[in-house]
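These are the residues of each chain, in order.
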Amino acid sequence: MIDLLLLGTGGHTPLPDRWLSSLLVRCRGELTLFDCGEGTQIPWVRFGWGFRRLGAICLSHNHADHVAGLPGLLHAVANAGRTEPVDLYGPEGTTAVVAGLRVIAPKLPYEVRVREVRGGERFGLPGGLTASVEPGDHWLPVLVYRVEIGRARRFDPERATALGVPLALWQSLQRDEPAAWSGGSATPDDVLGPPRRGLAFGFVTDTRPLPAFPAFLTGVDLLVCEGTYGDPADATKAVARKHMTFAEAATIARDADAGALWLTHFSPALSDPEAYRDQAIAIFPETTIGVSGLTTTLAFADDE
Ligand SMILES: [Zn+2]
Ligand SMILES: [Zn+2]
């Protein structure tokens, strides 16, 4: 299962009651952070998830409202006692940006391993998650993320017993490896059920909606997506500034057949995002206007 916590929901600048847009993800006790604007560590402390298990940071892009919180956060993680490396992923240009930010956070008790990734790449994240990225359309190179975890096929112990598989070999079959013993052999297909649906979420921010997004994000259980503007009158502003309206975000969620949508990255001028909720609901009913502290758990279905 995957736990998600929206730390902040603001774009551009933090406000007294709205931290910058950032998402914290926990899987098997290990943490991954998506974006780290100024002050990200403050709501993090409030919600108590702890810093020490942070194993990876994924950046959408290198605008200040998504990266300027890094030096302070890296110190908070150090103070929490981490010594294991932290992997940091971002688009082209990330290495130079992180090197610049590390000038004011040069000495850490752990290694920060920066890796620039490009559209089409896949890589592992803490807790067994797998991320894939595609490029977005913004003022700087930007990545949109799809993150997922697979689910093992169901093991049939009765079938294994009937086939005479020694108990010591059950685990290899459960790991999808064939088993052989004196007097017999079995393949995973002999004792495992059909493939089962895993869990997935998407993280999309600071981009225009692109035609490739729905297919890339298809079937995600949750889409966390920017909705910088709520008022449809701001649609031209969304185009000019390379962001999205609530309606555009909801259209991606609908076309991707997502399970739910969280809107985030609100313009500082959008003082009451709830007032425009209907703009999204009309297109995608399972929409929630993000607030700092919004949390959910994506869990495997019981009946499969
Ligand atoms: Zn932004
Ligand atoms: Zn931006």
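Above this note sits the structure.
Below, the structure is looked at part by part. (Residues numbered from 1 in each chain as written. Chains lettered and ligands numbered in written order. Predicted model: local features only at pLDDT ≥ 70, side-chain atom pairs only at ≥ 80, totals over all residues. Heavy atoms only, no water.)

1. A short note on the overall build of the protein chain
And step 1. Counting its regular elements, the protein chain contains eleven helices and 16 strands.
And step 2. Taking 2.2 N^0.38 as the reference for a compact globule, 304 residues should give roughly 19 Å; the C-alpha atoms of the protein chain span a radius of gyration of 21 Å, in line with that estimate.
And step 3. Along the first, second and third principal axes, the C-alpha set of the protein chain runs to 75 × 50 × 35 Å.
And step 4. For the protein chain, the residues scored as buried account for 50% of the 304 residues in total.
And step 5. Counting contacts in the protein chain only where the partners sit at least 6 residues apart, residues at least 24 apart contribute 65% of the total.
And step 6. A total accessible area of about 13300 Å² is found for the protein chain, and carbon and sulfur atoms account for 53% of it.
And step 7. One way to put it: in the protein chain the 27 positive side-chain charges average out to a point 5 Å from where the 36 negative ones average out. (Helix = DSSP H or I, 4+ residues; strand = E, 2+ residues; numbered from the N terminus. Rg over C-alpha atoms; globule rule 2.2 N^0.38 Å. Buried < 20%, exposed > 50% of the residue type's maximum accessible area, 1.4 Å probe, protein only. Contact = heavy atoms within 4.5 Å. Areas by Shrake-Rupley, 256 points an atom, 1.4 Å probe, with all protein chains shown as cover. Lys, Arg positive; Asp, Glu negative; His and termini not counted. Charge placed at Lys NZ, Arg CZ, Asp CG, Glu CD.)

2. Concerning the state of the cysteines
And step 1. In this structure the tally under the stated criterion is zero disulfides.
And step 2. C58 supplies the cysteine sulfur nearest to C27, a cysteine that is in no disulfide, at a spacing of 13 Å.
And step 3. When its relative accessible area of 1% is taken as the criterion, C27 is described as buried.
And step 4. Its sulfur unpaired, C58 is 12 Å from the next cysteine sulfur, which belongs to C36. (Disulfide = S-S within 2.5 Å.)

3. A short note on the coordination of the zinc ion (ligand 1)
And step 1. All of the protein donors around the zinc ion (ligand 1) are D65 (OD), H66 (NE2), D206 (OD) and H265 (NE2); their distances to the metal are 2.1 to 2.3 Å.
And step 2. Its four donor atoms give the zinc ion (ligand 1) angles of 94 to 158 degrees at the centre, a pattern that matches the irregular case.
And step 3. Between the two metals, the zinc ion (ligand 1) and the zinc ion (ligand 2), the spacing is 3.6 Å, and D206 donates to both. Note that H66 is positioned in helix α2 (residues 64-67) and D206 in the loop between β12 (196-204) and α8 (213-216), a separation of 140 residues in sequence. The burial state of H66 is the same as that of D206; both residues are buried. (Donors = N, O, S within 2.8 Å, 3.2 Å for Na, K, Ca; no water. Tetrahedral: all angles 85-135°; square planar, octahedral: opposite > 155°, others 65-115°.)

4. As for the coordination of the zinc ion (ligand 2)
And step 1. Here the zinc ion (ligand 2) is held by H61 (NE2), H63 (ND1), H138 (NE2) and D206 (OD), and the distances to it run 2.2 to 2.3 Å.
And step 2. One way to put it: the four donor atoms around the zinc ion (ligand 2) meet at angles of 91 to 170 degrees, and that makes the site irregular.
And step 3. Mapping the donors of the zinc ion (ligand 2) onto the primary sequence gives the spacing H-x1-H-x74-H-x67-D.
And step 4. You can call H61 buried: its relative accessible area is 0%.
And step 5. Look at H63 and you get partly exposed, because its relative accessible area is 24%.

5. Observations regarding the nonpolar core
And step 1. One finds I2, L4, L23, F34, L125, Y145 and F201 to be the most contacted residues of the largest nonpolar core, which totals 28 residues.
And step 2. If you list the elements that add at least two residues to this core, you get β1 (2-8), β2 (22-27), β4 (54-58), β7 (122-125), β8 (129-135), β9 (143-151), β12 and β13 (222-226).
And step 3. For this core, the element with the most residues is β9, which contributes four residues.
And step 4. With residues up to four places along the chain from it excluded, the contact list for I2 reads V25, R26, C27, L129, I149, L199, F201, T296, T297 and L298.
And step 5. Core analysis: the next-biggest nonpolar cluster, separate from the first, contains 25 residues, L24, C36, L74 and L108 among them. (Core = buried A, V, L, I, M, F, W, Y, C linked by side-chain atoms within 4.5 Å.)

6. A closer look at the sheet that holds strand β14 (residues 261-264)
And step 1. Read across the sheet, seven strands follow the order β7-β8-β9-β12-β13-β14-β15 without closing on themselves; strand pairing throughout is mixed. Looking at strand neighbours, the two that pair on one side only are β7 and β15 (287-289), the edges of this open sheet. The mean angle between the axes of side-by-side strands here comes to 25 degrees, regardless of whether they run parallel or antiparallel.
And step 2. Where β8 and β9 come together, six bridges link them in antiparallel fashion. The residue bridging E134 from the neighbouring strand is V144, located in β9. (Pairing = 2+ DSSP bridges. Axes fitted to C-alpha atoms, helices over the stretch in contact; angles between N-to-C directions.)

7. Topic: helix α10 (residues 246-255)
Counting along an α-helix, one turn takes 3.6 residues, and residues three or four places apart therefore face a common direction.
And step 1. Along α10, the residues classified as buried are F246, E248, A249, A250, I252 and A253.
And step 2. Positive phi shows up at D257, right after α10, with a value of about 55 degrees.

8. Side note on the packing of aromatic side chains
And step 1. One pass over the structure, following the stated rule, counts seven aromatic pairs.
And step 2. For the ring pair F34 and Y145, a centre distance of 5.5 Å and an interplane angle of 85 degrees mean the geometry is edge-to-face. In this pair, F34 sits in strand β3 (residues 30-34) while Y145 sits in strand β9, placing the two residues 111 residues apart along the sequence. Each member of the pair, F34 as well as Y145, is classed as buried.
And step 3. Ring pairs connect the aromatic residues F34, Y145, F201 and F203, which therefore count as one cluster.
And step 4. Sitting above the plane of the W49 ring, R26 keeps its charged end 3.9 Å from the centroid.
And step 5. Directly above the aromatic system of W139 lies the positively charged group of K242, at a separation of 5.3 Å from the ring centroid. (Phe/Tyr/Trp six-rings, centres within 6.5 Å; stacked < 30°, edge-to-face > 60°. Lys NZ or Arg CZ within 6 Å of the ring centre and 35° of its normal.)

This is a description of form; function is not addressed.
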